[in-house]
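Read off the chains here:
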Amino acid sequence: MVMVIGLEGSANKIGVGIIQDGKVLSNPRRTYITPPGQGFIPHDTAKHHQAHVLEVLQEALAEAGADPQDVDAIAFTKGPGMAAPLISVAVVARTISQLWNKPLIAVNHCIGHIEMGRLVTGAENPTVLYVSGGNTQIIAYLERKYRIFGETIDLAVGNCLDRFARILMLSNDPSPGYNIEQMAKKGKKYLPLPYCVKGMDVSFSGILSYLEERANKLLKTQQYTKADLCFSLQETVFAMLVETTERAMAHCGSQEVLICGGVGCNIRLQEMMGKMCEERGAKLYATDESFCIDNGAMIAQAGYLMYNSGLTTPLSDTWVTQRFRTDDVPVTWRE
Amino acid sequence: MLNGMDRELVTQGAEGRLYATEWLGHSVIVKHRFSKQYRHPDLDIYITNERMKAEARALTRCRSYGIKTPAVYDVDFNKSEIVLEKFTDSVTIRNFIYETVKNKLTMDSPVMLNMAERIGKLLVKMHSNNIIHGDLTTSNMLLVPPYDLSDIILIDFGLSSVDERAEDKAVDLYVLERAILSTHPNTEHFVAHLLATYENTGGESARDVIKRLNEVRLRGRKKLCFG
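Quick notes on the rules
Residues numbered from 1 in each chain as written. Chains lettered and ligands numbered in written order. Predicted model: local features only at pLDDT ≥ 70, side-chain atom pairs only at ≥ 80, totals over all residues. UniProt positions renumbered as here; feature names shortened; annotations may be inferred. pLDDT = per-residue confidence, 0-100. Helix = DSSP H or I, 4+ residues; strand = E, 2+ residues; numbered from the N terminus. Buried ≥ 20, exposed ≤ 12 C-beta atoms within 10 Å, placed from the backbone. Core = buried A, V, L, I, M, F, W, Y, C linked by C-beta atoms within 7 Å. Domains from an automatic or database assignment. Contact = placed C-beta atoms within 7 Å. Nonpolar A, V, L, I, M, F, W, Y, C, P; charged D, E, K, R; others polar.

For chain B, an unreviewed UniProt entry supplies the name non-specific serine/threonine protein kinase and the organism Cherax quadricarinatus. According to UniProt, the comment filed for chain B under the heading Subcellular location (unreviewed entry) is "Nucleus". Database annotation for chain B, UniProt heading Sequence similarities (unreviewed entry): "Belongs to the protein kinase superfamily. BUD32 family."

Chain A is annotated in an unreviewed UniProt entry as N(6)-L-threonylcarbamoyladenine synthase from Cherax quadricarinatus. Under the UniProt heading Catalytic activity (unreviewed entry), the entry covering chain A gives this text: "L-threonylcarbamoyladenylate + adenosine(37) in tRNA = N(6)-L-threonylcarbamoyladenosine(37) in tRNA + AMP + H(+)". Regarding chain A, the UniProt comment filed under Sequence similarities (unreviewed entry) reads as follows: "Belongs to the KAE1 / TsaD family."

Chemist: Can you help me understand the confidence of the model for chain B in this one?
Modeler: Low pLDDT marks regions whose predicted coordinates should not be analysed in detail. Looking at chain B as a whole, its pLDDT mean stands at 92, while 94% of the residues score no less than 70. On the interface metric, ipTM, the complex scores 0.90, and its pTM is 0.93.

Chemist: Would you take a moment to explain the UniProt feature "binding site: a divalent metal cation" (unreviewed entry) in chain A for this structure?
Modeler: All names here are of chain A. Those places that UniProt annotates as "binding site: a divalent metal cation" (unreviewed entry) correspond, in this numbering, to His109, His113, Tyr130 and Asp294. In summary, the annotated positions, though distributed over 186 residues, converge in three dimensions, the widest C-alpha pair being only 11.9 Å. Within the element layout of this structure, histidine 109 appears in helix α3 (residues 109-121). Topologically, aspartate 294 is positioned in the loop between α9 (289-292) and α10 (296-308). Residue aspartate 294 is classed as buried on the basis of its C-beta count, with 29 C-beta atoms lying within 10 Å.

Chemist: For this particular structure, what's the right way to read the nonpolar core?
Modeler: Residue and element names in this part refer to chain A. The biggest cluster of nonpolar side chains holds 112 residues, and the ones touching the most others in it are Ala75, Phe76, Leu241 and Val257. With 13 residues, the top contributor of residues to this core is helix α7 (residues 226-252). Mapping this core onto the domain boundaries places at least three of its residues in each of domain 1 (3-114 + 292-328) and domain 2 (125-290). With residues up to four places along the chain from it excluded, the contact list for phenylalanine 76 reads Leu7, Val89, Ala90, Ala93, Leu104, Ala106, Val107 and Ile299.

Chemist: When you look at the domain arrangement of chain B in this model, what are you seeing that I'm missing?
Modeler: Where the parts come together, the accessible area they lose is often given as the size of the interface. Residue and element names in this part refer to chain B. The domain boundaries assigned to chain B delineate domain 1 (8-85) and domain 2 (91-218). When each unit is reduced to the centre of its C-alpha atoms, the spacing between domain 1 and domain 2 is 23 Å. Contacts between the two partners involve 13 residues from domain 1, matched on the other side by 14 residues from domain 2. Looking at side-chain class alone, the side of domain 1 that touches domain 2 contains seven nonpolar, one polar and five charged residues.

Here is the structure:
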């Protein structure tokens, strides 16, 4: 029995999860929510994490019924992410590692999402669409690397949605993307928006600029409602994501798709991806918000796989980094 | 059914289904861009028509410059079908590389480097005529027997455009570079050789494209990702 605790705080969520041999024992988290119209600033986000990390840690241990001495290793997010929040969490990981005398494992955040998705859904070797506030990548596994076949060449899709929510002054509680999704359900009138696919890559900056320039005027003249704009935005950006995922699948000969990352819990995106899969006899794997959105268990799970393949990180290498590519990590735990 | 003939599903690509059939005595491939149920109908019709137009134009344009592509026999916007010349026994460069590597030939062998050169020269020719492919991958390049001497046949021009700017040509090469590196391990030298050929045979404008490519590689949040 191997038990790994994982600490995640690369963006506006602080989470601690405990995994034992593929079982999630606990996975509490807190989210830093800013007022409508505002994003989260690294400094303030770090303060939020610092204020809550110990209570979340205690909650994780209590809920799992685990004693620190039961833990075999401590996994934490090395990157990518915002520097100040990453550092705040890494400090806690290093401290408990020395207090409890347990090894550390530095985990790539994106790999955490992929491995958690594989664990929860049972997907064997999927083409992965990883979509969140900071990331948009289409990934497939090949020869000991998660290789990036397609990605955004500018904004992440979640960032595009978040920033549009700010234009409309939608609430950030529980997340701007969730509120766009709810609004979009009431949308009827489709506004054609720029559609930008380059091979397996996508670009969202043009769509955002287009809406930034026109949204308020379209609303004022009552040509479109807020719901119509949310609907049109979702339909356009998700169609781009599904199309490029399909391109990657056709290119790799893959018959499985896994959606992960915060935007991945959007039901409309899952529905569209599901239809695409149906049309080509493929299978879709998706998870709900508890595992799509950043959480501690995903870092614990990636850490668990690394630990079992013999990897730990010496204290001197437990620095964090804002830039850390998915394809920089040697995948020692898969054939 | 097409012209009363039976047709056989060959494969389902990313953009549509490919059928093999006969057309006025020719062996042809019918590419059917079926309506994608996941897309909003307005968006679906718009994209399907734009892609069909782009594909038919670019295929014909390429041929007029001596770049080998399937001949376009018919374009039917009502059925969203395009009838294309079929190349018997063709393989994608992707599968050719897989087979070659399986037979223990490395990506740095003369056969492979020669292939890289031929791709580089072909892209110079295409770009010097301002044709942007838009989705260059090793799946979108075909070889016919004998494979190691074959002309390279370019297919799948749905994302193509006509543009003279170095920017669009650089992004075209960037898409190809990424596709090769992610699909085929240990191809760093192969890609470098391909791009060097492009740069050295394409004159001034090719040098500008490569210069731009170096900027495209560094751009945006490509190397920065969090969330």
